[in-house]
Amino acid sequence: MELTDGFKATLAETARMLRGSQRRLFMARTVQSLGAGGQRRAETEFGWNRVTIRKGMHELRSGITCCDAPTARGRARAEEKLPRLLADIRDIAKGFSQTDPQFRNRRLYTRLTAEELRRQLIEQKGYQTAELPTPRTLRTKLNDLGFHLTKVAKCKPKKKIKQTDAIFAKLKVVNRSADEAETVLRLSWDAKAAVKIGDFSRGGKNRLERKGADHDFQPKGILNPFGIFLPQWDDLHLYFTASAVTSDFIVDVLERWWGSNRQRFPRVDTLVINQDNGPELHSRRTQFLKRMVQFARDQALRIRLAYYPPYHSKYNAIEHCWGILENHWNGELLDDVDAVLEFARTMTWNGKKPEVELLCGTYRKGIRLSPRQMKVVEKHVTRDAELGKWFLDIDGPSLRLG
């Protein structure tokens, strides 16, 4: 039996329009009409499944209709229906989450409820109400991704200034705009507490016979970690120094990092930097602003400094990485510099290892500009009209042209 293209299209379309046993019986009768080798021919010509054909042939011969039970097959997971759901949940939850302040575990504690998450998915990500799973399912997804709702007192900020809500609202807009723009790169940076080098237990345990000291009064030395984290790329860069973490050290790290990575981002002309308002990099630190203006001018970059409010720096993305590092070497004896660096190199953040570097040199504290010098620097800094202490812009290209 020869089949024209039009006839084959008609048979295939008819089978698609039928459902259940009617579809299987139609396929079986068609195969019978094709004669010997009809099943293989139907599979080739129409793309029909031979298991379904055989089931239809059995129903046709026996007269018994096989009952379908689609509900017994299970329900597809929400992320199978919505492929971007987990990534969007993670993106939203990160802004509402912080690490354990004492870095005792790797959990991310969040103040985001499932109901609020659902509302944010609709407002920010454009989901329709009907297509989203229930709040109970979203709560499960949050837990699976490592975000845990908590009301533990130690995780609550100690204080809250009157601008806190406005700062967070502005941060949300600034960070989202940076992540969506191809010419803008967002960084998160901060220093971690000094690491004391010596045979100290650090409050952890392992299976080694060697025991650590109970007290760390006389360390062999210290290393101060400073990290640069790229939230969109999950890239972590760690820099260690035996000197103090000063404004000059921080900007030197930025220059070193940008010199090594600028080729990766040829289209980037703006850096958005998330940070806390610590003593060495706050928005009124004269030496810090002077060095940042110089960096922006030399590299022809626009710099936007976006600060987290006081007592809320744990929401900064780099803080999540410190929790992983602390748990990674907890219980180990960091008895020399090489041990500290090697443990830092072997940690992972979302499956990626950080780049680790030890910077030599001594940095002097207490360098300040005079009021007259600071007036010159402030001419190149544009502060937000309402939140000028927390959001600053430095336009490097205009400085270069000038």
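See the structure above.
About the criteria used
Residues numbered from 1 in each chain as written. Predicted model: local features only at pLDDT ≥ 70, side-chain atom pairs only at ≥ 80, totals over all residues. Heavy atoms only, no water. Helix = DSSP H or I, 4+ residues; strand = E, 2+ residues; numbered from the N terminus. Buried < 20%, exposed > 50% of the residue type's maximum accessible area, 1.4 Å probe, protein only. Contact = heavy atoms within 4.5 Å. Areas by Shrake-Rupley, 256 points an atom, 1.4 Å probe, with all protein chains shown as cover. 1 Å grid on protein atoms, 1.4 Å probe; cavity = no way out; pocket = protein on both sides within 12 Å on 5 of 7 lines; lining within 4 Å. Points joined across faces, edges and corners; volume = space filled by probe spheres on them. Nonpolar A, V, L, I, M, F, W, Y, C, P; charged D, E, K, R; others polar. Core = buried A, V, L, I, M, F, W, Y, C linked by side-chain atoms within 4.5 Å. Pairing = 2+ DSSP bridges. Axes fitted to C-alpha atoms, helices over the stretch in contact; angles between N-to-C directions. Parallel < 35°, antiparallel > 145°, perpendicular 65-115°, else oblique. Phe/Tyr/Trp six-rings, centres within 6.5 Å; stacked < 30°, edge-to-face > 60°. Lys NZ or Arg CZ within 6 Å of the ring centre and 35° of its normal. Salt bridge = Lys/Arg side-chain N within 4 Å of Asp/Glu carboxyl O.

Caption draft 1: Structural view of the overall build of the protein. Of regular secondary structure, the protein possesses 15 helices and twelve strands. With 402 residues in all, the protein has 44% of them scored as buried. Contacts in the protein between residues at least 24 apart in sequence constitute 72% of all its contacts with a sequence separation of at least 6. In the form shown here, the protein has an accessible surface area of approximately 22,400 Å², with 49% of it arising from carbon and sulfur atoms.

Caption draft 2: Expanded view of the layout of surface pockets. Estimated volume of the largest pocket: approximately 900 Å³. What lines the largest pocket is a set of 32 residues, and nearest its centre among them are Asp-91, Ile-92, Gly-95, Asp-179 and Arg-186. The set of elements that each furnish at least two residues to the lining of the largest pocket consists of helix H6 (85–94), helix H7 (114–125), helix H9 (164–180) and helix H12 (317–329). Ranked by residue count, the leading element in the lining of the largest pocket is H9, at seven residues. The residue inventory of the lining of the largest pocket, partitioned by class, reads eleven nonpolar, eight polar and 13 charged. In this structure, the second largest pocket spans a volume of roughly 400 Å³. The wall of the second largest pocket is formed by 20 residues, among which Asp-190, Ala-191, Lys-192, Ala-193 and Asp-276 lie closest to the centre. Per-class residue counts for the lining of the second largest pocket are eleven nonpolar, three polar and six charged.

Caption draft 3: Structural view of unusual backbone geometry. Its identity is not glycine, yet Asp-234 carries a phi of approximately 60°, on the positive side. Mapped onto the fold, Asp-234 is located in the loop between strand S6 (221–230) and strand S7 (235–241).

Caption draft 4: How the structure looks around the nonpolar core. Ranked by size, the top nonpolar core spans 52 residues in total, and within it Trp-189, Phe-288, Met-292 and Ile-303 carry the most contacts. Those residues in contact with Phe-288, other than ones at most four positions away along the chain, are Trp-189, Ser-247, Ile-250, Val-251, Gln-275, Glu-280, Leu-281, His-282, Leu-305 and Tyr-307. With 21 residues, the next largest nonpolar core counts Trp-322, Ile-324, Trp-329 and Ala-344 among its residues.

Caption draft 5: Looking closely at the pairing of strand S12 (residues 391–395). Note that strand S9 (residues 302–307) and S12 share five bridges and pair antiparallel. What sits directly across from Ile-303, in S12, is Ile-394. Note: strand S11 (residues 381–383) against S12, three bridges, orientation antiparallel. The partner of Thr-382 across the bridge, within S12, is Asp-393.

Caption draft 6: Layout of empty space enclosed by the protein. A complete count under the given rule lists one cavity of 30 Å³ or more for this structure. Considering only enclosed or pocket space, the largest cavity measures out at about 50 Å³ in volume. Forming the boundary of the largest cavity are Thr-246, Ser-247, Asp-248, Glu-280, Arg-285, Gln-287, Arg-364, Lys-365, Gly-366 and Ile-367. Residue composition of the lining of the largest cavity, grouped by class: one nonpolar, four polar and five charged.

Caption draft 7: Geometry of the packing of helix H2 (residues 20–34) against helix H4 (residues 50–62). The interhelical angle for the contact between H2 and H4, taken along N-to-C directions, is 90°, at an axis separation of 8 Å. Accordingly, the angle class assigned to the pair H2 and H4 is roughly perpendicular. From H2, Ser-21, Arg-23, Arg-24, Leu-25, Met-27, Ala-28, Arg-29, Val-31 and Gln-32 reach across to H4, where they touch Thr-52, Ile-53, Lys-55, Gly-56, Met-57, Glu-59 and Leu-60. Partitioned by chemical class, the residues of the contact of H2 with H4 number seven nonpolar, four polar and five charged.

Caption draft 8: Quick look at the packing of aromatic side chains. Evaluation of the coordinates by the stated rule reveals ten aromatic pairs. When the ring of Phe-46 is compared with that of Trp-48, the centres are 4.7 Å apart and the planes differ by 40°; the resulting orientation is tilted. Looking at Phe-46, the relative accessible area reads 11%, which means it is buried. Measuring from centroid to centroid gives 5.7 Å for Phe-168 and Tyr-315, while their planes differ by 90°, and the two rings are edge-to-face. On the criterion of sequence distance, the pair formed by Phe-168 in helix H9 and Tyr-315 in the loop between S9 and H12 is long-range, its members being 147 residues apart. The exposure classification of Phe-168 matches that of Tyr-315, with both residues buried. Here Lys-170 stacks its cationic end above the ring of Phe-391, 6.0 Å away from the centre of that ring. Across from the ring centre of Trp-233, 5.5 Å away, lies the NZ or CZ of Arg-264, which sits over that ring.

Caption draft 9: Quick peek at the pattern of salt bridges. By the definition in use, this model includes 31 salt bridges. Two residues, Asp-88 and Arg-84, come together in a salt bridge whose shortest N-O distance is 3.5 Å. A residue is classified by how much of its surface remains accessible, and Asp-88, at 8% relative accessible area, is buried. The exposed category is assigned to Arg-84, whose relative accessible area is 53%. For Asp-235, the salt bridge goes to Lys-352, with nearest N and O atoms at 2.4 Å. Note that Asp-235 is positioned in strand S7 and Lys-352 in the loop between helix H13 (337–346) and strand S10 (355–359), a separation of 117 residues in sequence. Classification of Lys-352 as partly exposed rests on a relative accessible area of 35%.

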